[in-house]
Amino acid sequence: MNRDSGSTTAKQSALAQNQPEKMSSNTNPGAATGHVAKPKPLSPFRKRGSLQYSASTVDPRGSRHLLTSQHSLPGIPVALKQTIDLRTSMDGKYKEIAEELFSRSIAESDMLLSAPYEFPEDSPIEQLEERRQRLERQISQDVKLEPDILLRAKQEFMKTDSATDLEYMKEQSQAFMDLYPKEMEREGENEYQRVSISGEEKCGVPFTDLLDAAKCVVKALFIREKYIGLSMQSFCRTTARYLEELSDRPLDMGIYEEIPETSVTADLDQTVHPPVSATHPYENQDPASMPSDVGYGCKMVDGVIHIYTNKDTMEKSTELELPYPDLQEYIADMNVMTALIINGPVKSFCYRRLQYLSSKFQMHILLNEMKELAAQKKVPHRDFYNIRKVDTHIHASSCMNQKHLLRFIKRAMKKYPGEIVHVEKGKGQTLMEVFETMNLTAFDLSVDTLDMHADRNTFHRFDKFNSKYNPIGESILREIFIKTDNHVEGKYFGHIIKEVMADLEESKYQNVELRLSIYGRSRDEWDKLAQWAVKHQVYSNNVRWLVQVPRLFDVYHTKKQLSNFQELLENIFLPLFEVSINPASHPELHLFLQHVVGFDSVDDESKPEHHCFNMDSPLPANWVEEQNPPYSYYLYYMYANMTVLNHLRRQRGFNTLVLRPHCGEAGPIHHLVSGFMLSENISHGLLLRKAPVLQYLYYLAQIGIAMSPLSNNSLFLSYHRNPLPEYLSRGLMVSLSTDDPLQFHFTKEPLMEEYSIAAQVWKLSSCDMCELARNSVLMSGFSHKVKSYWLGPHYIQEGQEGNDIRRTNVPDIRVAYRHETMCEELNLITQAIRTDELETITEEGSLCMGPM
Ligand SMILES: [Zn+2]
């Protein structure tokens, strides 16, 4: 959730422009043979100059990139083997489908019918789900009472025809042994009960449907791989390995190795605490000792910053060869993705696979629960309390609880009554005077008068929630106590954050990734923020920063603070390029940035959007209208600039950044499409529960989802309907986070409170909890080295090889189950495509001499 300004006035005006249109039959399952012409390059409207970098690009790291000078067709990754045919029945229609979906999504709130990305279309998915879960609970109850029902239940679930398939099962398990010989070797005591499916067409749909769906899924994964690789974010290893088999050249695996750091050696096995540096990271502020100036120049071209080797001649000839993202390709890919998520057969396939994954997990628990528990008991010392957890989504301005803020305000009133904290009409006001004008004394203040907790009145009322950010409803108190840029230079806010940090350090195992705001209203915001951090020494080993950019262009534009969107982008990104080119130009920012792990994009997602991002959309410099640009527009330009920045920073040996937006909390479904394509991980992802294709893709790509059920419960979705337990059972990479402890939590340890409620409401086992905690560390932005201490020196390896139960308290059985299950899914999909490929080659070989 985020706010960060009192801007919530929804604009309804443009709603009337887009009347709901009936979808034309877009899926056309009959044409599944795929002999449809490939899409022509889109957009005849505007030629955007060459944003592509040429094939001769010399990458500073010497690694490969997926975008080459040859313009790849929408959705057909250039890295793909020529022989593999990923054409589907929808090719050539992506743009139309995407735009129709968009125009429908605008009118969606008025329609009771299910949206086109949902499944099944005529009956609400949630009712169905609830019924199914009841049934499953019933079955597992029965089984506990009556062991031989177990077999029947198993047969029912897994469609195993006992007698005839017994032999098949034997073969299968033999094949399994061949598939995972290594794991079996080290297995020994880790043997567990595996559920396997046998028979032809074992995925439940005919081969042609499977093939069409597999092609779509693979196409989408390649799209993500391309954007993630290009921006140096991380892509799931296992998935990359399977995609590589379909590709004629190795995927860009270089990014996984990161900049080599001192490895955690085996003899450090016993310790789980990373060594702590003796000096404070903000001590060395001497510009002379900073890395040198490389003398590059930079300026923004069409919304994306370009770098030039010569400051004085910033033109094409001196442009540094970097992979500047290509807008036209992005729009085309986005249309492909949008068409995929509403394709009928694909939707049905993904829905079935997700159901299967849930059922399989139920079976796994049924058969292995005791073994998992025993494995956890066997580990000395380690339990849920002393494993590492990261609060992967929390806003700095609300990271303290109410009682903490209250005590702090009271203390400040005692300690600094005469300090000038605010200037009104040229006249300074002391803290005492501020409270006097409000007719309040320190004694009067209570949590109730503070009134910052979300309550039943905030549900579906983001505007009311936003005003809860003001203590006692007074924005002046918010400015004084929870802002970094105010008359006291954020002194109070710095102090209170340091108190939160001290609590975390005391708890030892809890860590947070706090969001601080950069608005993009002026060029000096970064410097002020960094000076705040350095001056007040706001640093802790338990804390990393993310920078959140509120999507409030329309507000600043109306207030005449910005004249076009490009100014916002320049204010956000130019200082980052300057400091990466010459650290001494912004010394504090250089130090501060080392602890920033990425960008977040925040605001109320349920605000209506009236603009469809396509090639006709104005470029950032021409975006001068009242309207706010849509979510995907914000995300694309943040991504594009971050990508260029990352290449520059990697070249200089500095840390790189990732994109981790709020995404899918509410609003239109295409937010999740943008998130899938461009971001390393997301926060919330609630709407994935309604879009099976996307949910399945998020699973296959193992995209981290930081979920905050308590926050959702106060704002968008009541606790018992939250999809977290379902995502977890299916194996999506979910973690628990608090979002805003100031508004939602009651205790001193909000993250533990979040875990505690989840465990009790959903009856999570200790193993589930530890798995969530492990996920939170994996998806967090802490360094490779720190993670090696927290999770084990081999944590980066796939499957149980990467797990160290002595540190994570997650049984190898669970990790192995997750890994094997995912390999099976990926295998099912890639196998279908390869089988088809073989057939096509034989066919084509007999008809003509190879493909055109
Ligand atoms: Zn949030």
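The structure we're discussing is the one just above.
Everything numeric in this text was worked out from a predicted model, so none of it was measured.

Our next topic: the overall build of the chain. Counting its regular elements, the chain contains 31 helices and 13 strands. Expressed as a percentage of the 852 residues in the chain, the buried residues total 59%. Relative to all contacts within the chain whose residues are 6 or more apart in sequence, the contacts with residues 24 or more apart total 76%. Accessible surface, the chain: about 34,700 Å² in total, of which carbon and sulfur atoms supply 53%.

What follows deals with the nonpolar core. Counting residues in hydrophobic clusters, the biggest one holds 199 residues, and the most contacted among them are Ile497, Trp545 and Phe592. Considering each element in turn, this core owes the most residues, 14 residues, to helix H6 (residues 207-230). In contact with Ile497, not counting residues within four places along its chain, are Ala396, Cys399, Leu514, Trp532, Val538 and Trp545.

Once that is clear, we can look at the pattern of salt bridges. Applying the stated rule across the entire model yields 25 salt bridges. Its salt-bridge partner being Asp524, residue Lys528 comes within 3.8 Å of it at the nearest N-O pair. Across the salt bridge formed by Glu771 and Arg814, the nearest N and O atoms sit 2.7 Å from each other. One end of the pair, Glu771, is in helix H28 (residues 766-779); the other, Arg814, is in helix H31 (residues 812-847), and 43 residues separate them in sequence. Here Glu771 matches Arg814 in class, with each residue buried. Members of the salt-bridge network, linked through shared partners, are Glu372, Asp768, Glu771, Arg814 and Arg818.

What follows is about the packing of aromatic side chains. Applying the stated criterion across every chain, the model contains 29 aromatic pairs. Ring geometry for Tyr330 and Phe613: centres 6.1 Å apart, planes at 45°, overall tilted. In this pair, Tyr330 sits in helix H9 (residues 327-342) while Phe613 sits in the loop between strand S8 (596-602) and helix H21 (631-652), placing the two residues 283 residues apart along the sequence. On the basis of relative accessible area, Tyr330 is assigned to the buried category, the value being 0%.

With a phi close to 65°, Met232 is a non-glycine residue in the positive phi region. Turning to its location among the elements, Met232 is positioned in the loop between H6 and helix H7 (237-245). When its relative accessible area of 5% is taken as the criterion, Met232 is described as buried. Notably, Lys560 is not glycine yet its phi reads approximately 65°, a positive angle.

Glancing now at the packing of helix H22 (residues 670-678) against helix H23 (residues 692-700). Running from N to C, H22 and H23 cross one another at 20°; their axes reach a closest spacing of 11 Å. One element, H22, and the other, H23, form an angle in the roughly parallel class. The handedness of the crossing between H22 and H23 comes out as left-handed. Note on element contacts: H23 touches H22 through Leu694, Leu697 and Tyr698, opposite Leu672, Val673, Gly675 and Phe676. Residue composition of the contact of H22 with H23, grouped by class: six nonpolar, one polar and no charged.

What the five strands build is an open sheet, ordered S3-S6-S7-S8-S9; its pairing is parallel. Single-partner strands in this sheet number two, and they are strand S3 (389-395) and strand S9 (658-659). In terms of strand pairing, strand S6 (residues 510-517) meets strand S7 (residues 543-550) through six bridges, oriented parallel. Across the sheet, Leu516 pairs through a bridge with Val547, a residue of S7.

On to helix H11 (residues 402-415), then. Between its terminal C-alpha atoms H11 stretches 20 Å, which fits the 20 Å expected from 14 residues at 1.5 Å a residue. Of the positions making up H11, those classed as buried are Gln402, His404, Leu405, Leu406, Phe408, Ile409, Ala412 and Met413. If you follow the buried residues of H11, they end up packed against helix H12 (431-437), helix H13 (447-450), helix H15 (475-481), helix H16 (491-507) and helix H26 (741-744).

Let's shift gears to the packing of helix H19 (residues 565-581) against H21. Two elements in contact, H19 and H21, have axes separated by 10 Å at closest approach and are oriented at 10°. As far as their axial angle goes, H21 and H19 are roughly parallel. Touching Phe565, Leu568, Leu569, Phe573, Leu576, Phe577, Ser580 and Ile581 of H19 are Tyr633, Tyr634, Tyr637, Met638, Asn641, Met642, Val644, Leu645, Leu648, Arg649 and Arg652, all from H21. Split into classes, the residues belonging to the contact of H19 with H21 amount to 15 nonpolar, two polar and two charged.

Along the polypeptide, Ile97 turns up in helix H1 (residues 94-107). C-alpha of Ile97 to C-alpha of Leu340: the two residues are 243 residues apart in sequence and 9.3 Å apart in space.

What counts, and at which threshold
Residues numbered from 1 in each chain as written. Predicted model: local features only at pLDDT ≥ 70, side-chain atom pairs only at ≥ 80, totals over all residues. Heavy atoms only, no water. Helix = DSSP H or I, 4+ residues; strand = E, 2+ residues; numbered from the N terminus. Buried < 20%, exposed > 50% of the residue type's maximum accessible area, 1.4 Å probe, protein only. Contact = heavy atoms within 4.5 Å. Areas by Shrake-Rupley, 256 points an atom, 1.4 Å probe, with all protein chains shown as cover. Core = buried A, V, L, I, M, F, W, Y, C linked by side-chain atoms within 4.5 Å. Salt bridge = Lys/Arg side-chain N within 4 Å of Asp/Glu carboxyl O. Phe/Tyr/Trp six-rings, centres within 6.5 Å; stacked < 30°, edge-to-face > 60°. Axes fitted to C-alpha atoms, helices over the stretch in contact; angles between N-to-C directions. Parallel < 35°, antiparallel > 145°, perpendicular 65-115°, else oblique. Left-handed = near helix turned anticlockwise from the far one by under 90°. Nonpolar A, V, L, I, M, F, W, Y, C, P; charged D, E, K, R; others polar. Pairing = 2+ DSSP bridges. Expected span 1.5 Å × (residues − 1).

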